[in-house]
Amino acid sequence: MFNTLQKSLWAGAVAATGFVGPALAQDPGIDLENKVVTIGAYTPITGPVPFYATLTHASEAYFKRLNDSGEVDGWTFNFITKDDGYDPARSVAVARTLVEDDGIFALAAPLGTATNVAVIPYANEAGIPIIGPVGGASVFFEEPNVFPLLPDYGWSAASSVDYAVKDLGLTKVALLWENDELGKSAKRGFDLYMADAGIEPVESVPFDVKTTSFSAHIRRVQNSGAEAVVLFGSNANLAAALKAADLQGVDVQWFAPFFTADPSTLKLAGDLLEGVHFSSWLLPVSSDDPNIVAYRDAIDTYYPNDPKGVLGLNGWSNAALFHKGFEMLLESGKDLTRANLVEVMNGMSDAALGGARGVTFSADDHRGTRKEGIIQYKGGEFVLVREFTDYPAVVFDAASTN
């Protein structure tokens with residue numbers, strides 16, 4: 001988690017101001033008279049993954065539901081979203097606009113792993129909390145003003161390999177990984193688990209997020225003799241890889257991250273999705289849990305043309321994280337400042353947020369989500385085939401406070 005220097009700097013900052021950045025009696029983005037809090041997010045409306053808009057729609061639906069119900073003591077959530085094209089450089093520019101022109105109180109459910117990583121230096125400089133960055137990278141757990149709900153993708157990759165090895169008895173495992181922070185995080189966890197298990201990966205192949213042809217990648221997988229392939233990339237990447245494997249007659253067990261266990265992937269891959277496994281930190285979208293029912297009902301109300309799936313539940317759950325933090329701030333009686341938002345969120349324990357459970361933060365431990373299950377697409381449904389279990393210690397402890 002935080003190293004000694006980071007802890008010293010953090011302690012000094014808290015002693016001086018309570019937060020890395022400005023600490024005012026009432027920070028920008030708070031309208032006390034009208035009970036309005038303004039928050040914002042960058043999201044890829046254009047670019048290589050426009051279908052990720054489903055995530056942001058779900059976040060918007062969450063805040064619209066709160067606004068319509070008035071359940072947060074009459075407070076209104078003014079949620080501003082702007083397109084960054086899934087381009088990290090544009091994300092920084094959009095974040096600056098949201099802070100300096102729109103006067104947001106915090107970034108809430110901003111989308112993308114590489115994009116959020118790119119924004120962190122500016123957010124630190126401006127003193128802006130990033131609540132629920134929709135992405136998975138170990139750097140998120142090292143930042144005192146970043147509160148990630150998603151696990152590190154390395155933990156998810158390790159969970160997939162753990163199931164392949166222990167439950168399916170497969171030891172010839174290959175990795176296909178997106179050559180940015182998303183894929184690199186997955187690769188770190190994959191490599192740690194394999195080394196700890198004494199298993200040599202049969203292949204490890206990077207690819208660009210814009211890759212549409214996986215013919216060469218699949219040839220390497222085929223030549224490696226792989227029995228299982230863990231792919232960490234977008235929904236489109238997974239669908240393209242499955243198509244290439246089908247054309248080349250490659251028969252392996254496939255594993256992919258939770259956000260690809262979604263109707264949007266089914267639309268791209270069709271029947272080729274049958275049998276694919278997904279590591280998931282979220283409850284199944286079909287669950288009767290009241291939080292999941294509320295998600296399905298809100299999408300029907302506010303975005304009836306959107307599919308109800310893991311992508312949407314992800315965005316919904318990350319919006320719920322800001323809601324919970326802001327509610328804690330109101331209940332604390334403290335001034336409505338960014339510093340105090342960070343302080344109260346560091347006291348969050350075992351919270352149920354959307355599809356996530358057991359979410360916990362402290363000042364020196366920002367690993368919010370701590371368990372995953374394995375979902376498989378079979379018989380036309382996404383079903384849970386392995387109950388939620390702790391992450392493999394070798395990867396989870398690598399992001400510990402020690």
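Remember, predicted model here, so these are calculated numbers, not experimental data.

Q: What am I meant to see in the side chain of Ser-317 here?
A: Examined against the element boundaries, Ser-317 turns out to sit in helix 11 (residues 310-332). The buried category is assigned to Ser-317, whose relative accessible area is 0%. Among all residues touching Ser-317, those that are not within four sequence positions of it are Leu-149, Trp-281, Leu-282, Leu-353, Gly-354, Gly-355 and Ala-356.

Q: Sorry if this is basic, but what is going on with the sheet that holds strand 10 (residues 253-256) here?
A: Where strands meet in a sheet, backbone hydrogen bonds hold them as pairs that are either parallel or antiparallel. Overall, mixed pairing links the seven strands, which are arranged 8-7-9-10-11-14-15 in an open sheet. Strands with a single pairing partner mark the edges of an open sheet, and in this sheet they are strand 8 (203-207) and strand 15 (381-390). This sheet shows a mean twist of 20° between the axes of neighbouring strands, independent of strand direction. Strand direction decides the pairing type here: strand 9 (residues 228-232) and strand 10, joined by three bridges, are parallel. Considered in strand 10, the bridge of Val-229 is made with Trp-254. Running at roughly 175° to strand 8, helix 7 (residues 215-224) makes contact with strand 7 (173-178), strand 8, strand 9 and strand 10 of the sheet.

Q: Explanation requested: helix 3 (residues 88-100) in the structure shown.
A: Every α-helix winds through 3.6 residues per turn, so residues three or four apart in the chain are directed the same way. For helix 3, with 13 residues, the first-to-last C-alpha span of 18 Å sits near the 18 Å given by 1.5 Å per residue. Of the residues making up helix 3, those classed as buried are Ser-91, Val-94, Ala-95, Leu-98 and Val-99. Considered in projection along helix 3, the buried side chains sweep an arc of 135° and stay on one side of the axis. Buried residues along helix 3 sit against strand 2 (36-43), strand 3 (76-83), strand 4 (106-108) and helix 4 (113-126). The residue sitting at the N-terminus of helix 3 and contributing the capping side-chain oxygen is Asp-87; that oxygen lies 3.0 Å from the backbone nitrogen of Ala-89.

Q: I tried to follow the pattern of salt bridges on my own but got confused; where do I start?
A: Side chains that differ in charge, positive against negative, can pair when their charged atoms come close. Tallying each qualifying case throughout the model produces 17 salt bridges. Salt-bridge contacts for Arg-65 lead to Glu-71; the nearest nitrogen and oxygen are separated by 3.3 Å. Looking at Arg-65, the relative accessible area reads 22%, which means it is partly exposed. Linking Asp-83 and Arg-90 is a salt bridge whose minimum nitrogen-to-oxygen distance equals 3.5 Å. For Arg-90, a relative accessible area of 36% gives the class partly exposed. Within the structure, one salt-bridge network assembled from shared partners comprises Asp-162, Lys-166, Asp-167 and Arg-386.

Q: When you look at empty space enclosed by the protein in this model, what are you seeing that I'm missing?
A: Over the atoms, a rolled probe matching the size of one water molecule traces out where space is still vacant. All chains considered together, the criterion is met by one cavity of 30 Å³ or more. The computed volume of the largest cavity comes to approximately 100 Å³. Taken together, 14 residues form the lining of the largest cavity, with Tyr-52, Leu-111, Val-134, Tyr-153 and Phe-259 sitting closest to its centre. Grouping the amino acids of the lining of the largest cavity by side-chain chemistry returns ten nonpolar, four polar and no charged.

Q: Please clarify how the packing of helix 11 against helix 12 (residues 338-345) should be interpreted in this entry.
A: Between two packed helices, both the angle of their axes relative to each other and the distance between the axes serve to describe the pair. The geometry of helix 11 relative to helix 12 is characterised by a closest axis approach of 9 Å and an angle of 105° between their N-to-C directions. As summarised for this structure, helix 11 and helix 12 are arranged roughly perpendicular, according to the angle between their axes. Of the residues in helix 12, those in contact with Leu-321, Phe-322, Gly-325, Phe-326, Met-328, Leu-329 and Ser-332 of helix 11 are Asn-340, Leu-341, Val-344 and Met-345.

Q: Any chance you could explain helix 7 here in plain terms?
A: All of the buried residues in helix 7 are His-217, Ile-218 and Val-221. Down the axis, helix 7 shows its buried residues gathered within 95° of arc, on one side only. Where helix 7 is buried, its residues meet strand 7, strand 8, strand 9, helix 8 (235-247) and strand 10. Gly-225, located one to two residues past helix 7, shows a positive phi value of around 75°.

Reading guide: rules and limits
- Residues numbered from 1 in each chain as written.
- Predicted model: local features only at pLDDT ≥ 70, side-chain atom pairs only at ≥ 80, totals over all residues.
- Heavy atoms only, no water.
- Helix = DSSP H or I, 4+ residues; strand = E, 2+ residues; numbered from the N terminus.
- Buried < 20%, exposed > 50% of the residue type's maximum accessible area, 1.4 Å probe, protein only.
- Contact = heavy atoms within 4.5 Å.
- Pairing = 2+ DSSP bridges.
- Axes fitted to C-alpha atoms, helices over the stretch in contact; angles between N-to-C directions.
- Expected span 1.5 Å × (residues − 1).
- Arc of directions from axis to C-beta.
- Polar contact = N/O pair within 3.5 Å; in protein donor to acceptor, adjacent residues only side chain to side chain.
- Salt bridge = Lys/Arg side-chain N within 4 Å of Asp/Glu carboxyl O.
- 1 Å grid on protein atoms, 1.4 Å probe; cavity = no way out; pocket = protein on both sides within 12 Å on 5 of 7 lines; lining within 4 Å.
- Points joined across faces, edges and corners; volume = space filled by probe spheres on them.
- Nonpolar A, V, L, I, M, F, W, Y, C, P; charged D, E, K, R; others polar.
- Parallel < 35°, antiparallel > 145°, perpendicular 65-115°, else oblique.

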